[in-house]
Amino acid sequence: MEDNNILAVVLAGGKSKRFGEDKNHIKLGDKTLLDHVLFKINNKFKEILIVSGHNLELKKFENITVIPDCLEDFGPLAGVLSSMKWIKENHKMYKWVATFPCDTPFFDTSIIEEYKKRIIKNDSSLYFVKSNNKRHNIFGLWSINLLETLENDL
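Residues numbered from 1 in each chain as written. Predicted model: local features only at pLDDT ≥ 70, side-chain atom pairs only at ≥ 80, totals over all residues. Heavy atoms only, no water.

1. Overview of the overall build of the chain
For the chain, the count of helices and strands is four helices and eight strands. Reading the secondary structure of the chain in the N-to-C direction produces β-β-β-α-β-β-α-β-α-β-β-α. Buried residues in the chain amount to 43% of all 154 residues. For the chain, the proportion of contacts with a sequence separation of at least 24, taken over those separated by at least 6, is 63%. (Helix = DSSP H or I, 4+ residues; strand = E, 2+ residues; numbered from the N terminus. Buried < 20%, exposed > 50% of the residue type's maximum accessible area, 1.4 Å probe, protein only. Contact = heavy atoms within 4.5 Å.)

2. As for the pairing of strand 7 (residues 126-131)
Across a regular strand the side chains alternate sides, sitting on one face of the sheet and then on the other. Where strand 7 meets strand 8 (residues 134-143), six bridges bridge the pair, whose relative direction is antiparallel. Pairing of Ser131 across the sheet is with Lys134, part of strand 8. Between strand 7 and strand 8, which pair antiparallel in sequence order, lie two residues; one of them, Asn132, sits at a positive phi of approximately 50 degrees. (Pairing = 2+ DSSP bridges.)

3. What about helix 3 (residues 110-121)?
For helix 3, built from 12 residues, the straight-helix expectation of 16 Å at 1.5 Å per residue is met to within 8% by its first-to-last C-alpha distance of 17 Å. Every buried residue of helix 3 is accounted for by Ile111, Ile112, Tyr115, Lys116 and Ile119. The buried residues of helix 3 occupy an angular sector of 150 degrees when projected down its axis, which confines them to one face. Helix 3 presents Lys117, Ile120 and Lys121 as exposed residues on the side facing more than 90 degrees away from its buried surface. In this fold, the buried residues of helix 3 make contact with strand 1 (6-11), helix 1 (33-41), strand 6 (96-101), strand 7 and strand 8. Looking one or two places after helix 3, you find Asn122, whose phi comes out positive at around 50 degrees. (Expected span 1.5 Å × (residues − 1). Arc of directions from axis to C-beta.)

4. So, unusual backbone geometry
Positive phi outside glycine occurs at His91, with the angle close to 55 degrees. Mapped onto the elements, His91 comes out in the loop between helix 2 (76-89) and strand 6.

5. Observations concerning the packing of aromatic side chains
A complete count under the given rule lists seven aromatic pairs for this structure. Taking the centre distance of 6.2 Å and the plane angle of 35 degrees together, the rings of Trp96 and Tyr127 count as tilted. Taken together, the positions of Trp96 in strand 6 and Tyr127 in strand 7 put the pair 31 residues apart, joining distant regions of the chain. A residue is classified by how much of its surface remains accessible, and Trp96, at 7% relative accessible area, is buried. Measuring from ring centre to ring centre gives 5.5 Å for Phe100 and Phe107, while their planes differ by 35 degrees; the resulting arrangement is tilted. With a relative accessible area of 7%, Phe107 lands in the buried category. Counting every residue linked through ring pairs, the aromatic cluster contains Phe45, Phe100, Phe107, Tyr115 and Phe139. The ring centre of Phe39 lies 4.6 Å from the NZ or CZ of Lys31, which sits over that ring. Of note, Lys40 hangs over the ring of Phe107, and the distance from its end group to the ring centre comes to 4.7 Å. (Phe/Tyr/Trp six-rings, centres within 6.5 Å; stacked < 30°, edge-to-face > 60°. Lys NZ or Arg CZ within 6 Å of the ring centre and 35° of its normal.)

Here's what the structure looks like:
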């Protein structure tokens, strides 16, 4: 399996209603929450896509592209769909999308290795991270083959 088969996608398009202000600009130490996530995954993937309709202030990364959601007010699934459409429209060869929330800087990067193992096992088109018997839907590994199904469902 080529690691280049996975596109890292940071979902950063939420309205931050519960948080009270745009999470993408909140600082933790000297970096924003989004920067923390990007620094954790930057050297693990060839390319990173951020899906957000917000004005983002990013540190300079060569391998990061920012796109808006293809559908407004559809939540994180619209971000996943947007990333899949971006892959198709830009003739990228990725077969999987690994999603990360923009506001969870303390995740264990070992999930990335777990994703790679799941791809080799290839027994599903969708995987989610679980901890303490709870599924975390924003941390997911999505097969590009789900594009049409996701688009039809949304």
